[in-house]
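Per-entry structural report
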Amino acid sequence: MGSFGATEIILIIAVILLMFGGKKIPELMKGLGSGIKEFKNAAKDDKPADKKEEETK
């Protein structure tokens, strides 16, 4: 189980293009990007457990 080479990456990209088509890829990447952005914002807004306990007391 080594690292991926150029041939493996090209093969993976070709399979993805065959499965989803060229027009769906930008939509998938946009959805993935917005999901990651929302996750980061939620993680940033989340307070540590110690501070939450102090605020409730």
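Structure: above.
Description of the structure in this document. In this text, all values refer to a predicted model and were calculated from it rather than measured experimentally.

**Observations regarding the overall build of the chain**
For the chain, the helix and strand inventory stands at three helices and zero strands. In the chain, the succession of α and β elements from N to C terminus is α-α-α. Here the chain holds 57 residues, and the buried ones make up 0% of them. Accessible area of the chain: about 5600 Å², with a carbon and sulfur share of 66%.

**Some details on the pattern of salt bridges**
Counted by the stated rule, this structure contains one salt bridge. Linking K24 and E27 is a salt bridge whose minimum nitrogen-to-oxygen distance equals 3.7 Å. Taken as a pair, K24 and E27 lie in helix α2 (residues 24–45) at a separation of three residues, close to a single helical turn. Residue classification places K24 among the partly exposed residues on the basis of a relative accessible area of 45%. Relative accessible area serves as the criterion here: at 52%, E27 is assigned to the exposed category.

About the thresholds
- Residues numbered from 1 in each chain as written.
- Predicted model: local features only at pLDDT ≥ 70, side-chain atom pairs only at ≥ 80, totals over all residues.
- Heavy atoms only, no water.
- Helix = DSSP H or I, 4+ residues; strand = E, 2+ residues; numbered from the N terminus.
- Buried < 20%, exposed > 50% of the residue type's maximum accessible area, 1.4 Å probe, protein only.
- Areas by Shrake-Rupley, 256 points an atom, 1.4 Å probe, with all protein chains shown as cover.
- Salt bridge = Lys/Arg side-chain N within 4 Å of Asp/Glu carboxyl O.

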